[in-house]
Amino acid sequence: MTKRTTRSAARRAALGAAAASALVAAAAPAHAADHAAAPALTLRLFAAAPAGYSNPDDITRLGSLIFVTYQNNAGPTGAPAGSTSDIVAFDRHSGEIKQRYTIPGRVDGLTADTRHSRVIATVNEDLNSTLYVITPWAGQAVKHYTYSPDPAQTGSDGTNGGTDSVSISSDGTIYVAHSNPDVSLPAPNDAAAVYTVELTGSTAKLTPLFGVNDTAAVINPAPGAPAWAPLGLTDPDSNRWIRGHDGGTLIQDSQADSKLVFASDLDDKTPTLKQLNLTNATAPSGGAATPQLDDIVQAGGEGTLFVVDQKSGDIYQADTDGVAEGTLFVSQPAPGSGDLPNDPALGVVDPTTGVVTHLWVGVTLQSPKGLLFVSGSDD
C-alpha cells in the first residue's frame, strides 16, 4: 500500500449524481450507504516505532497480536540490494513488542489468515514481487513463496508490476492486488487488476479475478456520462474484503485513479463490478484535486480503529463506540513527488457519491497509511 516508482508517479500526475438506489445497494457494503457523515474520533498513541525501524505501512491482527510492517529504506522493487523490512507483533492491549521478523525487500501487503493462524505478507509491489507466510506459533515461522505466473509485464516502457495489498475472505480465498500493471501493452490491454492466490508447496499460483479494463457499472456517473464504462485502472493498491452474501464484496482501491471498485458475487465465475469515482469534500491546500487514497476499512459500533502514520512512525488507536456501523474509513497519505496535491488525513467516504471527508482526530497525522478495525465482539 505504497506509492509507485517515479515513472508511475509521473503517470499519475497526468490522470487527474448518485446512481439508482438499487445499484448503490448492490455496490456498497452492508449498512454503509447511509453513514457518510463525519464521525467524532480521538486518536491516542498505541505504539511508537521501535528503535532503528522506520516507514510503517500495513497493519493486521491475529489473535492477541497486532502486526505492523516497517519498510525501513527498502524501495518498491526491493532495491537497494540487501534491503529488508521488519514485521513487528505488538500485544493488542499493552503495545508491548512480542515478536519480530525480518523479511528481504519491502513488505507492502499484510493480512491475517485466521483459518490457518498465520500472517501473509507481499513483497516488492513494483517489481521482483514474492510472498511470505509467517506462522507465529509454528516451528518454521517464515516460509517464502514464488509467484506463478510472475506478475511482472514487459511493455514499451520496460518491465514492471508486482503485488500489493492482500485480503482473505471467510472461506479462505486469498485476494491480492496486481500493483503497477504495465499500461503500455498493446491493445487490448486487460491485465489482471486483482488475483486470487493458491499456495501449494513453495508456489503462490495467481489466477486473475478481474482486469484493469473490464467494463463496470458507474455508481456516480457525471451528468451525461454513461452508466457503464471500462475501469481504466493504472494503480490497484489497497483492498478489503467485506462479509456478505454470495461470497461477500472485495473493495479494491486504485490510488492514482481516485477510484474504488466493488467486486461482488465472488462465488460466481465472473464477479459483478461497480466503480465509484472519488472527490474531495474540501479542496486540498495545493489546489483542486481528487483524493488519492491508500487504505480503506469498514468500522463502527463497539471496537477500536488503528491508524498507521508512516512519516512519524507512530501507530494510533481510537474507540469507535459512537461511530455508525458500516462507516468506510480511508487514509489519505501525504503526496509524493509527481502526485496530485492532497492533504494527509484520516477520512470517511460516502459510497453513494464518492465524496471523501477528512476528519479532525485530535492529533496531526503526517502521512496515514494502514488501517485496521477490531470489533469489540472479536476482542
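The structure under discussion appears in the preceding block.
Residues numbered from 1 in each chain as written. Predicted model: local features only at pLDDT ≥ 70, side-chain atom pairs only at ≥ 80, totals over all residues. Heavy atoms only, no water.

## Here we look at the overall build of the protein
Applied cut-off: Helix and strand assignments come from DSSP, with helices taken as H or I runs of at least 4 residues and strands as E runs of at least 2, each series counted from the N terminus. We call a residue buried when its accessible area falls under 20% of the maximum for its residue type, exposed when it is over 50%, and partly exposed in between, using a 1.4 Å probe and counting protein chains only. Using the Shrake-Rupley algorithm and a 1.4 Å probe, accessible areas are obtained, with residue cover drawn only from the displayed protein chains.
Looking only at helices and strands, the protein features 2 helices and 29 strands. By residue count, 59% of the 379 residues in the protein fall in the buried class. Carbon and sulfur atoms make up 51% of the accessible area of the protein, which totals about 14,300 Å².

## What to know about the environment of Asn342
Operational definition: Here, residues are in contact when the closest pair of their heavy atoms is within 4.5 Å. Side-chain atoms alone can form a polar contact between residues adjacent in sequence; in general such a contact is a pair of N or O atoms within 3.5 Å, and within protein one must be able to donate a hydrogen while the other accepts it.
Note that Asn342 resides in the loop between strand E26 (327-332) and strand E27 (345-349). For Asn342, a relative accessible area of 5% puts it in the buried group. When residues no more than four places from it in sequence are discounted, the contact partners of Asn342 are Asn280, Pro284, Ala289, Thr290, Pro291, Gln292, Gln332 and Pro335. Within the local environment of Asn342, its side chain forms a polar contact with the side chain of Asn280, the two groups lying 3.2 Å apart.

## Examining the layout of surface pockets
Let me state the cut-off plainly: A 1.4 Å probe that fits but cannot get out identifies a cavity on a 1 Å grid over protein atoms alone, an open set with protein on both sides within 12 Å along at least five of seven lines counts as a pocket, and a residue lines either if it has an atom within 4 Å of a point. Grid points are joined across faces, edges and corners, and a volume is the space filled by probe spheres set on the points. Polarity classes work like this: nonpolar for Ala, Val, Leu, Ile, Met, Phe, Trp, Tyr, Cys and Pro, charged for Asp, Glu, Lys and Arg, and polar for all others, with Gly in that last group.
Here the largest pocket defines a volume of roughly 1,100 Å³. As for the largest pocket, its lining consists of 38 residues, of which Arg240, Trp241, Arg243, Phe373 and Asp378 are closest to the centre. Contributing elements (two or more residues each) for the lining of the largest pocket: strand E2 (56-62), strand E6 (107-113), strand E12 (162-168), strand E18 (236-242), strand E23 (296-299) and strand E29 (368-375). For the lining of the largest pocket, the element with the most residues is E29, which contributes 5 residues. Taken together, the residues of the lining of the largest pocket break down into 15 nonpolar, 14 polar and 9 charged.

## Quick word on the sheet that holds strand E1 (residues 44-47)
Applicable threshold: Each pair of strands is called paired provided DSSP finds at least two bridges between the two strands. Axis definition: a line fitted to C-alpha atoms, limited for helices to the stretch in contact. Angles are taken between N-to-C directions and run from 0 to 180 degrees.
Taken in spatial order, the 4 strands make up an open sheet running E1-E25-E24-E29, and their pairing is antiparallel. Each having just a single partner strand, E1 and E29 make up the two edges of the open sheet. For this sheet, the mean angle separating the axes of adjacent strands, direction not counted, is 30 degrees. In this structure, strand E24 (residues 303-309) lies alongside strand E25 (residues 314-319), joined through 6 bridges in antiparallel fashion. Across the sheet, Phe306 pairs through a bridge with Gln317, a residue of E25.

## A look at the pattern of salt bridges
Short version of the rule: By salt bridge we mean one thing: a side-chain nitrogen of Lys or Arg within 4 Å of a carboxyl oxygen of Asp or Glu.
A full pass over the atoms with the stated rule returns 7 salt bridges. A salt bridge links Glu96 to Lys98; its shortest N-O distance comes to 3.5 Å. We note a salt bridge from Asp113 to Arg118, for which the minimum N-O separation is 2.7 Å. Note on accessibility: Asp113 and Arg118 belong to one class, buried.

## Digging into the pairing of strand E28 (residues 355-358)
Relative to E28, strand E22 (residues 279-280) is paired through 2 bridges, and the arrangement is parallel. By the bridge assignment, Thr279 is partnered in E28 with Val355. Sheet topology places E27 next to E28; 3 bridges connect them, and they run antiparallel. By the bridge assignment for E28, Gly347 is matched with His358. The antiparallel hairpin formed by E27 and E28 contains 5 residues in its connecting segment, where Gly354 sits at a positive phi of about 80 degrees.

## Details of the environment of Ala324
Of note, Ala324 is situated in the loop between E25 and E26. Judged by relative accessible area, Ala324 falls into the partly exposed class, the value being 28%. Remark: the alpha-carbon pair of Ala324 and Glu302, spanning 22 residues in sequence, is separated by 9.6 Å.

## Side note on the nonpolar core
For clarity, the cut-off: In these notes, a set of buried Ala, Val, Leu, Ile, Met, Phe, Trp, Tyr and Cys residues joined through side-chain atoms within 4.5 Å is what counts as a nonpolar core.
Within the largest apolar cluster, 17 residues are counted, with the highest numbers of intra-cluster contacts made by Leu41, Phe329 and Leu346. Elements represented by at least two residues in this core include exactly E23, E24, E25, E27 and E29. Filtering out sequence-adjacent residues up to four positions away, Leu346 remains in contact with Leu41, Leu305, Val307, Phe329, Val330, Thr357, His358, Leu359, Val361, Leu365, Pro368 and Leu371. One finds Ala193, Val194, Val212 and Val261 within the second-largest nonpolar core, a separate group that totals 16 residues.

## Some words on a negative patch on the surface
Applicable threshold: Note that patches include only residues with greater than 30% relative accessible area and no salt bridge, and the join distances are 9 Å for like charges and 5 Å for nonpolar side chains (Val, Leu, Ile, Met, Phe, Trp, Tyr). His is not counted, nor are the chain ends; Lys and Arg add positive charge and Asp and Glu add negative charge. Charged side chains are reduced to one point each, which is NZ for Lys, CZ for Arg, CG for Asp and CD for Glu.
Negative charge collects at one region of the surface, where Asp171, Asp246, Asp267 and Asp268 lie side by side. For Asp246, the position within the fold is in the loop between E18 and strand E19 (249-254).

## Digging into the sheet that holds E23
Here 5 strands make up an open sheet; going across it, the order is E22-E28-E27-E26-E23 and the pairing mixed. Edge positions in the sheet fall to E22 and E23, since each has one partner strand and no second. Here E26 pairs with E27 via 4 bridges, running antiparallel. Note that in E27 the partner of Gln332 across the bridge is Ala345.

## Quick look at the packing of aromatic side chains
Convention followed: Pairing of aromatic rings covers Phe, Tyr and the six-membered ring of Trp, with a centre-to-centre limit of 6.5 Å; geometry is then stacked below 30 degrees between planes, edge-to-face above 60, and tilted otherwise.
All chains considered together, the criterion is met by 3 aromatic pairs. Between Phe46 and Phe90, the aromatic rings sit 6.0 Å apart at their centres with planes inclined by 70 degrees, giving edge-to-face as the arrangement. Residue Phe46 is found in strand E1, and its partner Phe90 is found in strand E4 (residues 84-91); the two are separated by 44 residues along the sequence. For Phe90, a relative accessible area of 1% translates into the label buried.

## Quick word on the pairing of strand E13 (residues 174-179)
Within E13, 6 of the 6 residues are buried, which leaves the element mostly enclosed by the surrounding structure. Note: E12 against E13, 5 bridges, orientation antiparallel. From the neighbouring strand, Thr163 faces E13, where its bridge partner is His178. What sits between E12 and E13 in their antiparallel hairpin is a turn of 5 residues, with Gly172 showing a positive phi close to 95 degrees. Looking at chain direction, E13 and strand E14 (residues 192-200) are connected through 4 bridges and run antiparallel. Across the sheet, Val176 pairs through a bridge with Tyr195, a residue of E14.

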